[in-house]
Number of protein chains: 2
Amino acid sequence: MPLDERKKRILKAITHDYINTAEPVGSRTIARRYSLGVSSATIRNEMADLEEDGYLEQPHTSAGRIPSDKGFRFFVDALMDPKELSTEEIRQIHIALRGHRQMEDIVHESVRMLAFLSQYTAVVVAPNISYGVIRCLQLIPLDESNVLLVLVVDPGFAHSRIVETTRPLRPQEASRINYFFERKLSGMMLADIGSSLVGEMREEVTDEALMSEALNLLARGLRNIKQEQVYLDGTIHLLNQPEFRDLNKVKVLLNVLDDEKILWRILNDALAQSGRQVTIGSENLHEGFQECSLVTASYELDGQVIGSVGVIGPTRMDYERVVAVVEGIACSLSTLLSDSMRH
Amino acid sequence: MPLDERKKRILKAITHDYINTAEPVGSRTIARRYSLGVSSATIRNEMADLEEDGYLEQPHTSAGRIPSDKGFRFFVDALMDPKELSTEEIRQIHIALRGHRQMEDIVHESVRMLAFLSQYTAVVVAPNISYGVIRCLQLIPLDESNVLLVLVVDPGFAHSRIVETTRPLRPQEASRINYFFERKLSGMMLADIGSSLVGEMREEVTDEALMSEALNLLARGLRNIKQEQVYLDGTIHLLNQPEFRDLNKVKVLLNVLDDEKILWRILNDALAQSGRQVTIGSENLHEGFQECSLVTASYELDGQVIGSVGVIGPTRMDYERVVAVVEGIACSLSTLLSDSMRH
DNA sequence: AATTAGCACTCACTTAGGTGGAGTGCTAAC
DNA sequence: GTTAGCACTCCACCTAAGTGAGTGCTAATT
């Protein structure tokens, strides 16, 4: 049965109060603090109903109620009014992000900003470099046994790796290869460099041994470039949450946050569909994450999802605020990236 | 008055016991666990003397004794026998570090290894890129308004930054500049590129406007390259220490560890002189660090200190082990870097 | 003179019992 | 359907007594 209007208002009030105080909420508190026009006894009856339906739970008899995961879910889906970011905050975000031209810096700044504005722990997954457009790909001979692989990918990636060679690469050879790379590869994506393209390149070139060596170097250099890096910031904010006064919980969580792979998986799970997404408590299947919530949003380039940003906090987090912040940052990232592509 | 032999043995026993148990040590415990050939009453008398001299302190009457900072200092300087790393561990370190050619990776691996082997929090300061030898410095035009600055510095740095130009840089111009850069700059240090050298370069070249733009780009690109980065790992290990069961202490410490600048300053303070160094508790002047100890060692290239590694733990840390680990990593880094230079 | 056994004393830590208060559920009146 | 009133529940906090590890001192022993 769907909740009637009054039950919704009571559930909303309880949720707000619990988010603010982190304490179980009693009927009298609601009656006093929120003017719902009914007495505490009435609220008490409604609360009993809400508990029966699974929206609330009681830590113990004679304590107040707290929203269950189901309660928070309903709050997020149907009750909350996301707070808009202030224009000042939006300005801050733009200023912070606009100052950088390289992806690492942009993402790093984003995650800092996200943690700062939300006051929770923030995560950002950088775009997968494989789906960016190659703008520059060169081999620069350093000495007899080393060359430098230089790679610029739009948007914003500039990487260079030292790669060992089996035989010296002479300058003329390098420039031949670079010219060839530019003709064949610029404008493509790294992901496109499959075996068919490699075969095609092999055929087209006269000096097959040289090209083979070059492709080998390319492959080895690319292997070392991190694909989808996860950036993390604001871990300390977790310690300020009363639910993490227990050191063991903190330890479990920090262990998860320290493991880039797990983090990446969690973020990706949450990003199966694009757009904003909220995962609440037990909805999260990851060990040690059941007492957390995760708010994520994806950012895009040319209508294509290329990465995601997220905030991790206790289930009791301030969803109205966090949703706004997460969406704000994701949106700023999208516009910033598409702007930087256009120029 | 210097300590007699028996007092030393008692102080050493107490320190060992306290390092292992984190509990105040009583006279009977010492008599039982360490066969010093005297009764607990004698030890009691000696302990009273040691307390009087400031080597021990008592949390409260009727508790056991714990070493004071002065006691730990004496232990570190005169009593302890640093444990050697096992050959297996040395092998592990070498394998872990040898696999990498770029400084970021080497340092990252070092700090991981250090945290893993010590089971405390580890810090490594990467070498200052300014004092490495320039092997390659190039400008690569990307489009009308961007060039890529590519910089390879020995040992192990390969950086590239996108820099905005005020006017397009044509390929021929770029290669003239690169040729010039190579002739003038390779083999030098970034730190050497002072105004005198810049002036010299200005004079030598025909197209002054071009060179001026190039130097401008160079300066702007270099400004964005991180100078001496601090790497951190094993923060979680702190939470396993009983002295950090208090969340507030943890928070204070994490705040310090989160601030790269503070960390860098602490590491550098400790590195005024080269070689291994131990800073114990109150010897450390930094806010919130008075309950910690820091073991550092520097690593070198061509007899020149270029960076440092360190371990942060409670004053009660296992100095005998940690000193060995820190020195082991520092030494491995030194040999690895000088090897990679020689080839 | 140094060492040791013995003993009274101290003080944190644990346990149990007692109290207050916030909150509930139920019932009867409105 | 709503509300006032009341008995009941249970946590959180406090206090008091008991426990035990450890000390300092003294007197006896080597």
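Residues numbered from 1 in each chain as written. Chains lettered and ligands numbered in written order. Predicted model: local features only at pLDDT ≥ 70, side-chain atom pairs only at ≥ 80, totals over all residues. Heavy atoms only, no water.

Chemist: Give a description of the protein's contact with DNA strand D that names residues and reports values.
Modeler: In the neighbourhood of DNA strand D, 21 residues make up the surrounding shell, with R6, T42 and S62 of chain A together with S27 and R65 of chain B lying closest. Within the side chain of S62 of chain A, one N or O atom sits 3.0 Å away from a base oxygen of DNA strand D. Take S27 of chain B: an N or O atom from its side chain is 2.7 Å from a phosphate oxygen of DNA strand D. Of all elements in the fold, only α3 (40-52) of chain A together with α2 (27-33) and α3 (40-52) of chain B reach the threshold of two or more residues within the surface near DNA strand D. Top contributing element to the surface near DNA strand D by residue count: α3 of chain A, with four residues. Residues belonging to the surface near DNA strand D are distributed by class as follows: five nonpolar, 12 polar and four charged. (Near = heavy atom within 4 Å. Polar contact = N/O pair within 3.5 Å; in protein donor to acceptor, adjacent residues only side chain to side chain. Helix = DSSP H or I, 4+ residues; strand = E, 2+ residues; numbered from the N terminus. Nonpolar A, V, L, I, M, F, W, Y, C, P; charged D, E, K, R; others polar.)

Chemist: So what about the protein's contact with DNA strand C? Which residues, and what values?
Modeler: Within the structure, DNA strand C sits among 20 residues, and S27 of chain A together with R6, S39, T42 and S62 of chain B are positioned closest to it. Among all atoms of DNA strand C positioned within 4 Å of the protein, those belonging to sugar or phosphate total 80%. For DNA strand C, a base oxygen lies 3.2 Å from a polar atom in the side chain of R44 of chain A. Within the backbone of S39 of chain B, an N or O atom sits 3.0 Å from a phosphate oxygen of DNA strand C. Mapped by element, the contributors of at least two residues to the surface near DNA strand C are α2 (27-33) and α3 of chain A together with α3 of chain B. For the surface near DNA strand C, the class distribution of residues is four nonpolar, 12 polar and four charged.

Chemist: Lay out the side chain of N284 of chain B in plain terms, naming residues and giving numbers.
Modeler: All names here are of chain B. The topology assignment puts N284 in the loop between β8 (277-280) and β9 (292-301). With relative accessibility at 6%, the residue N284 sits in the buried group. Dropping the residues within four chain positions of it, N284 is found in contact with I266, T279, F289, Q290 and L294. (Buried < 20%, exposed > 50% of the residue type's maximum accessible area, 1.4 Å probe, protein only. Contact = heavy atoms within 4.5 Å.)

Chemist: Which residues make up the relation of the copies chain B and chain A, and what values go with them?
Modeler: Overlay of chain B on chain A (RMSD 0.0 Å): rotation 180°, translation along the axis 0.0 Å. Put plainly, the chains are arranged around a two-fold axis. For chain B, the minimum C-alpha distance to the rotation axis belongs to S160 of chain B and amounts to 3.1 Å. (Least-squares fit on C-alpha atoms with pLDDT ≥ 70 in both.)

Chemist: An account of the packing of aromatic side chains is requested, with residue identities and associated values reported.
Modeler: Residue and element names in this part refer to chain A. Tallied over the entire structure, the rule returns six aromatic pairs over all chains. An angle of 40° between the planes, with centres 6.4 Å apart, marks the rings of Y18 and F72 as tilted. Highlighted residues: Y18 in helix α1 (residues 5-21) and F72 in helix α4 (residues 69-79), separated in sequence by 54 residues. For Y18, a relative accessible area of 11% corresponds to the buried category. For F72, a relative accessible area of 2% gives the class buried. Aromatic rings pair up to connect Y18, F72 and Y319 into one cluster. Sitting over the face of the ring of Y55, K70 holds its NZ or CZ atom 4.5 Å from the ring centroid. (Phe/Tyr/Trp six-rings, centres within 6.5 Å; stacked < 30°, edge-to-face > 60°. Lys NZ or Arg CZ within 6 Å of the ring centre and 35° of its normal.)

Chemist: Provide a residue-level description of the packing of helix α11 (residues 247-258) of chain A against helix α12 (residues 260-269) of chain A, including the pertinent values.
Modeler: All names here are of chain A. Look at α11 against α12: their axes get within 5 Å of each other, and the N-to-C directions meet at 85°. It follows that α11 is roughly perpendicular to α12 by the angle criterion. Here V256, L257 and D258 of α11 come into contact with α12, specifically with E260, I262, L263 and I266. When its residues are assigned to classes, the contact of α11 with α12 shows five nonpolar, no polar and two charged. (Axes fitted to C-alpha atoms, helices over the stretch in contact; angles between N-to-C directions. Parallel < 35°, antiparallel > 145°, perpendicular 65-115°, else oblique.)

Chemist: Describe in detail the side chain of S27 of chain B, supporting the description with residues and values.
Modeler: All names here are of chain B. Considering the arrangement of structural elements, one finds S27 in helix α2. With a relative accessible area of 10%, S27 lands in the buried category. Here R44 takes part through its side chain, which lies 3.3 Å from a polar atom of the side chain of S27. Other than its neighbours up to four places away in sequence, S27 contacts S40, I43, R44 and M47.

Chemist: Which residues make up the pairing of strand β4 (residues 133-143) of chain B, and what values do they have?
Modeler: Residues and elements named next belong to chain B. As defined by bridge partners, β4 adjoins strand β5 (residues 146-154) across nine bridges and the pair is classed as antiparallel. Bridged to D143 within β5 is N146. With antiparallel pairing between neighbouring strands as the criterion, β4 and β5 make up a hairpin whose turn holds two residues. (Pairing = 2+ DSSP bridges.)

Chemist: Tell me about α12 of chain A, residues and numbers included.
Modeler: Residues and elements named next belong to chain A. For α12, the full list of buried residues reads I262, L263, I266 and L267. Around the axis of α12, the buried residues are gathered within 135° of arc, so they sit on the same side. Contacts from the buried residues of α12 go to β3 (121-125), β7 (230-233), α11, β9 (292-301) and β10 (304-314). You can read the cap of α12 off the contacts: a side-chain oxygen lies 2.9 Å from the backbone nitrogen of K261, and it is on D259. (Arc of directions from axis to C-beta.)

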